[in-house]
Amino acid sequence: MRRAVCPGSFDPVTNGHVDVITRAAGLYDELVVAVLVNPGKAGLFSVEERMDLLREAVTDLPNVTVDSFQGLLVDYCRSHEIPVIVKGLRAVSDFEYELQMAQMNRELAAVETLFVPTAPQVGHLSSSLVKQVAKFGGDVSRLVPKAVDDRLRERARREGSS
Ligand code: PNS
């Protein structure tokens, strides 16, 4: 059984994430999408909300499950017997930090990292940009799954009326 994990903050999941998750799901028998909790960073969405939005985004992918974890990614990999991390690369600028993390994770626990270049149509996407655009009423409906768009619109409406 070939297993891999696709980790991230997913605050919230974008079509760029869905692209990487879909392609990784085609390469492995089981793929876990793991929301890594950073206790020092308050996100826009709670971890539960992020997981719900992810679950909705991957309903068509039967070999994908969604989980969350607080701690080192390699500890999650070890305890779930997952030997591979899959990460998306949007641009060369992503590579430097991703390479450092991949080397560190291999040193810590012999976990390998597989890099998937994102589709060019989603190469400009990041959760932070999407949040910024949505906060000021911009249209992000083509950039995120429908459930995420609905939730972002609801937030912007609530903030606008308070
Ligand atoms: O979506 P992001 O914020 O780019 O994801 C980064 C993430 C969560 C995958 C990374 O920060 C991570 O692996 N965090 C878990 C803590 C950890 O293992 N840190 C050491 C990395 S070498």
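Residues numbered from 1 in each chain as written. Predicted model: local features only at pLDDT ≥ 70, side-chain atom pairs only at ≥ 80, totals over all residues. Heavy atoms only, no water.

**Some points on the UniProt feature "domain: Cytidyltransferase-like" (unreviewed entry) in the protein**
Mapped onto the present numbering, the UniProt feature "domain: Cytidyltransferase-like" (unreviewed entry) falls on residues 5-132. The span residues 5-132 is 41% helical and 23% strand by assignment, and the distance between its end C-alpha atoms comes to 28 Å. (UniProt positions renumbered as here; feature names shortened; annotations may be inferred. Helix = DSSP H or I, 4+ residues; strand = E, 2+ residues; numbered from the N terminus.)

**A short note on the side chain of Asp11**
Its location among the elements puts Asp11 in the loop between strand 1 (3-8) and helix 1 (15-25). The exposure class of Asp11 is buried, given its relative accessible area of 6%. A polar atom in the side chain of Asp11 sits 2.9 Å from the backbone nitrogen of Phe45. The residues touching Asp11, leaving out its near neighbours within four places in the chain, are Gly43, Leu44, Phe45, Arg50, Ser127 and Lys131. (Buried < 20%, exposed > 50% of the residue type's maximum accessible area, 1.4 Å probe, protein only. Polar contact = N/O pair within 3.5 Å; in protein donor to acceptor, adjacent residues only side chain to side chain. Contact = heavy atoms within 4.5 Å.)

**Considerations on the sheet that holds strand 4 (residues 84-89)**
In space, the 5 strands of this open sheet follow the order 3-2-1-4-5, with parallel pairing throughout. Each of the sheet's edge strands pairs with one partner strand only, and the pair in question is strand 3 (64-69) and strand 5 (112-117). Across the sheet, the mean angle separating the axes of adjacent strands is 30° when strand polarity is ignored. (Pairing = 2+ DSSP bridges. Axes fitted to C-alpha atoms, helices over the stretch in contact; angles between N-to-C directions.)

**Considerations on a nonpolar patch on the surface**
Together, Leu72, Met104 and Leu108 make up a nonpolar patch on the protein surface, roughly 280 Å² of accessible area in all. Within the secondary structure layout, Leu72 lies in the loop between strand 3 and helix 3 (73-79). When its relative accessible area of 49% is taken as the criterion, Leu72 is described as partly exposed. (Patch = residues over 30% accessible without salt bridge, like charges linked within 9 Å, V, L, I, M, F, W, Y side chains within 5 Å. Areas by Shrake-Rupley, 256 points an atom, 1.4 Å probe, with all protein chains shown as cover. Salt bridge = Lys/Arg side-chain N within 4 Å of Asp/Glu carboxyl O.)

**Re the environment of Gly71**
Mapped onto the secondary structure, Gly71 falls in the loop between strand 3 and helix 3. Judged by its relative accessible area of 44%, Gly71 falls in the partly exposed class. Measuring from C-alpha to C-alpha, the distance between Gly71 and Leu36 comes to 7.5 Å, with 35 residues separating the pair along the chain.

**What about the site of the ligand?**
Neighbouring residues of the ligand: Pro7, Gly8, Ser9, Leu36, Gly71, Leu72, Leu73, Lys87, Met101, Met104 and Asn105. Between Ser9 and the ligand, the recorded distance is 2.6 Å, taken from a side-chain N or O atom to an oxygen atom. Leu73 is positioned with one of its backbone polar atoms (N or O) 2.9 Å from an oxygen atom of the ligand. Of all the elements in the fold, those that place two or more residues in the shell around the ligand are strand 1 and helix 4 (92-109). (Near = heavy atom within 4 Å.)

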